[in-house]
Amino acid sequence: MSRTIVIGGGISGVACAAALNNRGRSVTLLDKGRVLGGRMASRRIRDSGTPFDGHVVDIGASYLTAKDERFSSLIERLVDLGVGRAWTDTFHVASSDGIHGVKTGPMRYTAADGVRSIVEHLASELPDTEVMSGHDSGPISVEEGALTVGGEGVDAVAVCMPSPQARQLLESGSPALDAALLATHEVTWEPVIAVTAVFDAATWREFDGIFVNDDPVITWIANDGARRGNGAPVLVTHVQPVLAARHLTDPSQVLPATLSALQRVLGISEHPSWADAKRWTYAKPLTASQQPFFLDQGFNLGLAGDAWSDGPRVETAWLSGHLLGESLADRLETGTTS
Ligand SMILES: Cc1cc2nc3c(=O)[nH]c(=O)nc-3n(C[C@H](O)[C@H](O)[C@H](O)COP(=O)(O)OP(=O)(O)OC[C@H]3O[C@@H](n4cnc5c(N)ncnc54)[C@H](O)[C@@H]3O)c2cc1C
């Protein structure tokens, strides 16, 4: 039996599956990760030897913003359900030698249980999607004129992930796959290393987040206790991309420089009791495609994610997946089979 497959259980894949389900299409959603969420990643602190074991910390996307009407109403609904949480519209601004001021912007949203819980919640609402995590899709190819995923025939496939990861799935050799491969080459990606630091107590001045400008080591500090709303003395710091790129094979090497930059910017002398570094090789696309998604002219093969959109944000990834899902549903309704 032909199937519609969405590969990638981040926000763009879940949005794509939702759009297809809403149009009466049943979907299989595959993610190679143990859990869904992708770069909307949260982890529970364990074995830290501090009283903050159990605290859920966001180690990928720091927050969500919402401009598009469709995404805004989704976020409002999540807030009403108690899944999402309006966090703050004000962050501090710092440079290497300390905090200089505040900057007000759009409302930033988060989730009481970590941003990953938003993806989990949206996946749990899908009316007609079989979710398979811990499942690598295998290669996408065209065999005897029909699309296959992992060797099985499908009627449509949406690949919702960073383009370098998508590229690993697309077997060259047919015009459709070559066109998709070509499309994935348009964007370059920058890495981030996110350092989580657990302190004994918060000795810093109150803040939600700090944009750190012109520092050779760090770019951003999030107060995860403020983000969760529980006041835990847990900070997440992003390492400057050029430095991150040099340490992707062993991200723990950035810990000493990152923690001393953190102390310098916050004006504190305390050391964290526990710290850990998480690498994101493909954290953010540096440029975005003009189109909100890719859909092959002939085959029902699509690509979506934050590179197919207006900047590397959760909102644009969601929109890209949503619009690809709608376009695939249109195609499938007109009877194209592959
Ligand atoms: C450190 C960091 C900070 C960020 N901060 C913000 C922020 O503050 N605000 C904001 O709006 N955005 C932020 N972003 C960007 C935001 O996280 C992304 O734009 C968004 O989450 C992208 O979602 P996605 O579904 O397109 O991709 P992803 O979340 O990357 O999902 C892709 C999924 O595909 C799966 N996958 C890959 N290969 C395979 C395969 N072969 N088989 C099956 N599954 C596969 C992966 O496991 C993954 O779950 C940040 C990102 C990072 C890394």
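Scroll up for the structure.
Parameters and conventions
- Residues numbered from 1 in each chain as written.
- Predicted model: local features only at pLDDT ≥ 70, side-chain atom pairs only at ≥ 80, totals over all residues.
- Heavy atoms only, no water.
- Phe/Tyr/Trp six-rings, centres within 6.5 Å; stacked < 30°, edge-to-face > 60°.
- Helix = DSSP H or I, 4+ residues; strand = E, 2+ residues; numbered from the N terminus.
- Buried < 20%, exposed > 50% of the residue type's maximum accessible area, 1.4 Å probe, protein only.
- Lys NZ or Arg CZ within 6 Å of the ring centre and 35° of its normal.
- Axes fitted to C-alpha atoms, helices over the stretch in contact; angles between N-to-C directions.
- Parallel < 35°, antiparallel > 145°, perpendicular 65-115°, else oblique.
- Left-handed = near helix turned anticlockwise from the far one by under 90°.
- Contact = heavy atoms within 4.5 Å.
- Nonpolar A, V, L, I, M, F, W, Y, C, P; charged D, E, K, R; others polar.
- Near = heavy atom within 4 Å.
- Polar contact = N/O pair within 3.5 Å; in protein donor to acceptor, adjacent residues only side chain to side chain.

S.K.: Is there a simple way to think about the packing of aromatic side chains in this case?
M.R.: When we look at a pair of aromatic rings, we describe it by the centre distance and by the angle of the planes. This structure, assessed with the given rule, holds 10 aromatic pairs. Taking the centre distance of 6.3 Å and the plane angle of 45° together, the rings of F294 and W308 count as tilted. On the criterion of sequence distance, the pair formed by F294 in strand β17 (residues 294–295) and W308 in the loop between β18 (301–304) and α9 (314–333) is long-range, its members being 14 residues apart. F294 gets classed as buried once you look at its relative accessible area, which sits at 13%. By relative accessible area, which is 7% here, W308 ends up buried. Among the aromatic residues, those joined into a ring-pair cluster are Y63, W87, F91, F211 and W220. If you follow R108 out to its NZ or CZ, it ends over the ring of Y63, 5.4 Å from the centre. The side chain of K278 reaches across the aromatic face of W280, ending 4.4 Å from its centre.

S.K.: I keep staring at unusual backbone geometry and nothing clicks. Help me out?
M.R.: Comment: phi is negative for the bulk of residues other than glycine, and the bulk of peptide bonds are trans. A positive phi is found at D47, a non-glycine position, where the angle reads about 50°. Considering the arrangement of structural elements, one finds D47 in the loop between β3 (42–44) and β4 (56–58). For D47, a relative accessible area of 72% corresponds to the exposed category. Phi is positive for E144, close to 50°, though the residue is something other than glycine. Along the chain, E144 turns up in the loop between β8 (140–143) and β9 (146–149).

S.K.: Quick question: what am I supposed to make of the packing of helix α2 (residues 69–81) against α9 here?
M.R.: When two helices pack together, their arrangement is captured by the angle between the axes and the distance separating the axes. Where α2 contacts α9, the two axes come as close as 10 Å, and the packing angle between them is 110°. Comparing their axes, α9 and α2 come out roughly perpendicular. For α2 against α9, the interelement crossing comes out right-handed. Of the residues in α9, those in contact with R70, F71 and L74 of α2 are V314, E315, W318, L319, H322 and L323. Looking at the contact of α2 with α9 residue by residue, the classes come out as six nonpolar, one polar and two charged.

S.K.: What should I look at first to understand the site of the ligand in this one?
M.R.: In the region of the ligand, 37 residues are neighbours, and D31, R39, Y63, D306 and V314 sit closest. Between Y63 and the ligand, the recorded distance is 2.7 Å, taken from a backbone N or O atom to a nitrogen atom. Separating a nitrogen atom of the ligand from a side-chain N or O atom of D136 is a distance of 3.2 Å. Of all elements in the fold, only α1 (11–22), β2 (27–31), α4 (163–169), β16 (274–285) and α9 reach the threshold of two or more residues within the shell around the ligand.

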